[in-house]
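Residue strings, one per chain:
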Amino acid sequence: MLVGNRMSKPVYTISPETSLDDALSIMEKEHVRRLPVVDRDGSLVGIVTEQDLIKASPSEATLLDKWEIKSLMSTLPVEKVMTRQMITLTEDVLLEEAARIMADKKVSGLPVVRGNKVVGMLTESDIFKIFLEMMGARQSGIRLSFLIANKPGQLAKLSHAVSEIGGDIITMGTFTGSQSGIGEMMMKVSGVSMDVLKEAIAPFIVEILDARETKVV
C-alpha cells in the first residue's frame, strides 16, 4: 500500500502572511494540528504546527496586556515561526516506510508533495486507521496470539488447517519473537468455534499466548 492511497486530502493550507491568530482559528475549525504553508504559486515553503503557534504566543508572564497580546497574535505572520527545513513524502512511498520515518524522526504528520505542490498529509491518525484494518479490529471473530516455529511452509499449513474446518481468516500478522527460531503470530478467524480452531492449529504451533472472541457492535 502506498502513501497516495491513504493520505488525508484535501489539504488545508495557509500563506506565509497568515497571522498566528488566523492559523490557530483554521486549526480549531478544521480539527487539524498542522498546516502546510504555500507561496502564491502554491509551492510548499514551510509547515506550522499547533505547538509552534502555542510556543510563539506570549506567556502569562509577559508584560503585554491582553489587548496587546491579541494585537500581536493578529499581526505576527506564520512565516516567523514556521519550519522551513521539512521532511516530505511522495505518493509512491510505501506506507511502512513513511511510518518508519515518522517514528524515527518523532513527527506526527508529514506533507505529501507532487513536485513542489502539496497534495495530501499523512498523519498518525491515518496510520492508526490502517493499523485497525490490518488487525481486523472492526470485525468480529476469534483472535488468537501464538508462538510458531520460523520454518518454511508453516503459514501455508496453518492456513490450510483453518480452511479445512470452514474457518475464514479475517487477518493474519507475524511479529518478531523473543526466542531464536520462534516467531509470534496473531490470527483472527470467523466461522468456527474457539475449541475447534484451537484443535485444528495445535499441530502447527508452539504455544497459544492469548485466545479471545471479539464482538464488534
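The notes below deal with the structure included here. (Residues numbered from 1 in each chain as written. Predicted model: local features only at pLDDT ≥ 70, side-chain atom pairs only at ≥ 80, totals over all residues. Heavy atoms only, no water.)

The helix and strand inventory of the chain stands at eight helices and nine strands. For 217 residues, the compact-globule estimate of 2.2 N^0.38 gives 17 Å, and the C-alpha radius of gyration of the chain, at 24 Å, exceeds that figure by more than 25%. With the C-alpha coordinates of the chain rotated into their principal frame, the extents come out at 75 × 40 × 35 Å. Counting over 217 residues, the chain shows a buried share of 35%. In the chain, 64% of the contacts between residues at least 6 apart in sequence involve partners at least 24 apart. With an accessible surface of roughly 13100 Å², the chain has 51% of that area assigned to carbon and sulfur atoms. Of note, the chain has its 25 positive side-chain charges centred 1 Å away from the centre of its 29 negative side-chain charges. (Helix = DSSP H or I, 4+ residues; strand = E, 2+ residues; numbered from the N terminus. Rg over C-alpha atoms; globule rule 2.2 N^0.38 Å. Buried < 20%, exposed > 50% of the residue type's maximum accessible area, 1.4 Å probe, protein only. Contact = heavy atoms within 4.5 Å. Areas by Shrake-Rupley, 256 points an atom, 1.4 Å probe, with all protein chains shown as cover. Lys, Arg positive; Asp, Glu negative; His and termini not counted. Charge placed at Lys NZ, Arg CZ, Asp CG, Glu CD.)

By the definition in use, this model includes six salt bridges. Glu133 is the salt-bridge partner of Arg6, the closest N and O atoms lying 2.6 Å from each other. In this pair, Arg6 sits in helix 1 (residues 3-6) while Glu133 sits in helix 6 (residues 124-134), placing the two residues 127 residues apart along the sequence. Put simply, Glu97, Arg100 and Asp104 are held in one network by salt bridges that share partners. (Salt bridge = Lys/Arg side-chain N within 4 Å of Asp/Glu carboxyl O.)

All right, on to the sheet that holds strand 6 (residues 141-149) then. Pairing is antiparallel in the open sheet, where four strands are placed in the order 7-8-6-9. Here the strands that pair on one side only, and so sit at the sheet edges, are strand 7 (168-175) and strand 9 (207-214). Averaged over all pairs of adjacent strands, the angle between their axes in this sheet comes to 15 degrees, without regard to strand direction. Pairing of strand 6 with strand 9, which is carried by seven bridges, proceeds in the antiparallel orientation. If you follow Ser145 over to strand 9, its bridge partner there is Asp210. (Pairing = 2+ DSSP bridges. Axes fitted to C-alpha atoms, helices over the stretch in contact; angles between N-to-C directions.)

Moving on to the pairing of strand 1 (residues 34-38). Strand 1 sits mainly inside the fold: five of its five residues count as buried. Residue alternation in strand 1 divides its side chains into two sets, Arg34, Pro36 and Val38 and Leu35 and Val37, and both sets are buried.

Here helix 8 (residues 194-201) has its buried residues at Leu197, Ala200 and Ile201. Buried residues of helix 8, seen end-on, are gathered within an arc of 85 degrees and therefore sit on one face of the element. For helix 8, the exposed residues lying more than 90 degrees away from the buried face are Asp195 and Glu199. Close packing links the buried residues of helix 8 with strand 6, helix 7 (154-164) and strand 8 (182-190). (Arc of directions from axis to C-beta.)

Turning our attention to the sheet that holds strand 4 (residues 109-114). Taking strand neighbours across the sheet as the criterion, the three strands line up as 3-4-5 in an open arrangement whose pairing is mixed. The strands lining the two open edges of the sheet, one partner per strand, are strand 3 (89-90) and strand 5 (117-123). Inspection of the sheet shows strand 4 paired to strand 5 by six bridges, in the antiparallel sense. The partner of Arg114 across the bridge, within strand 5, is Lys117. Strand contacts of helix 5 (residues 95-105): strand 3, strand 4 and strand 5, with the helix running at about 75 degrees to strand 5, the strand carrying the most contacts.

Moving on, we come to unusual backbone geometry. Geometrically, the link from Lys9 to Pro10 is a cis peptide bond, its omega value of 0 degrees lying close to zero. With respect to the helices, strands and loops of the structure, Pro10 is situated in the loop between helix 1 and helix 2 (20-30). The backbone of His31 sits at a positive phi, close to 60 degrees, despite the residue not being glycine.

For Leu147, the position within the fold is in strand 6. Under the relative-accessibility criterion, Leu147 is labelled buried at 9%. For the pair Leu147 and Ile14, spaced 133 residues apart in sequence, the C-alpha to C-alpha distance is 50 Å. Non-local contacts of Leu147, meaning those with residues more than four positions away in its chain, are made with Gln179, Ile182, Gly183, Glu184, Ile205, Val206, Glu207 and Leu209.

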